Each structure stands twice: as C-alpha cells, then as structure tokens.
Amino acid sequence: MGKYKYLFLLVGALVLAAASPVFANSSWVWISETRPYDVLPFVAAVTIVVETLMIYYFGKVESLASTGVVVVFSNLLSFLAPYAVSMMNSLYSFSEMLEHLPIYTVGAYYLILTLAVETPVVYHVLKEKAANRKTLLIVIAAANVITTILVAAAERIFCEGYWA
C-alpha cells in the first residue's frame, strides 16, 4: 500500500472531481452576455504570468524562461482536464458544453484537477533547477490555489446565470 498511496489519492481526487450535481426539471439561463470562455484569454494570461513569477522568484528556480514554458504547458493540460472529465460524463460536445451548460470553468473540482495535473508536471521538470525542492512544491501548489481563486472570482463577477 505504501508505494501506491499517492496513486490512490490521485484516483480518489479524480473520482470526487468527476461527480457533478443533477438538477431535475431545471435549466440554466445565462443572464449576462459574457460567458466563461469569453474571459478565458484574459484570466489565462494573468494566471500564466502570476504562476511563472511566483514559481521563479519564491521557488528560486534558475531560469525564468524554463519556468514560463513549463507553466504554459502545464496550464494547457490542467485547462483541458476538467473538460475531458466532464465530456466522459456527458452527451454534449466540447462546443455545446461551453455554450449551453451551466459550467463556470473554475470551481472546487477544477482546483483539485489543477493541483493533480500541474503540480507533478511543474515539480518534476523544475526540481533540478530549484534551490529547495520542498519550497518549490509548496510554491507551485500555492500559486495554483491563488490563481484558481482569482479566476473563479473573475468568472463569477463577469458571467452571471441562474437556474430557471
């Protein structure tokens, strides 16, 4: 069990992240013209800059360029992960999910998937270039929590909807 405990934790987190509520006899109505995918380019840019700078400075990584490349790659993976999980549990296409479902891109399940996807990728690529591995790991997780909260707040401020 010892060597598989992290695998079990990851699988458990993914199972929890895949669970979604069901709202019978209800339909979601967006009341703002702005949808989560409309704010995505802006929040993605802010996320990448904040995470890159936090990991580079606080994680004491040798190369800003390497940090930036790894953060961009890991953010692409973590952005696709919630949609992949949702699509496995849905009959909708990716574009239908973006336009018609009541999905704020970022929520608690997104944070779990972000930490599960980004943290190992960034850590394993940058650990040799960091002054302290433990500090690097903590900074990666903290940067992802901070940016996830910022993105969730931005989505809820600019994109409004309700169950009708």
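The rules behind the values
Residues numbered from 1 in each chain as written. Predicted model: local features only at pLDDT ≥ 70, side-chain atom pairs only at ≥ 80, totals over all residues. Heavy atoms only, no water. Helix = DSSP H or I, 4+ residues; strand = E, 2+ residues; numbered from the N terminus. Buried < 20%, exposed > 50% of the residue type's maximum accessible area, 1.4 Å probe, protein only. Contact = heavy atoms within 4.5 Å. Patch = residues over 30% accessible without salt bridge, like charges linked within 9 Å, V, L, I, M, F, W, Y side chains within 5 Å. Areas by Shrake-Rupley, 256 points an atom, 1.4 Å probe, with all protein chains shown as cover. Salt bridge = Lys/Arg side-chain N within 4 Å of Asp/Glu carboxyl O.

*Asks:* Before we go on, may I ask you to explain the environment of Val-122 in this structure?
*Replies:* Take Val-122: it is sitting in helix α5 (residues 108–126). Classification of Val-122 by relative accessible area gives buried; the value is 1%. Sequence-wise, Val-122 and Ile-55 are 67 residues apart; in three dimensions their C-alpha atoms are separated by 9.3 Å. For Val-122, the contacting residues outside a window of four places in its chain are Ile-55, Val-70, Ser-74 and Ile-140.

*Asks:* Just to check I follow, could you spell out a nonpolar patch on the surface for this structure?
*Replies:* On the surface, a nonpolar cluster with roughly 500 Å² of combined accessible area is contributed by Val-49, Leu-53, Tyr-57, Phe-58 and Leu-64. The dominant element in the nonpolar patch, judged by the number of residues it contributes, is helix α2 (residues 36–58), at four residues. Tracing the backbone through its elements, the reader meets Leu-64 in helix α3 (residues 64–88). What makes Leu-64 partly exposed here is its relative accessible area of 39%.

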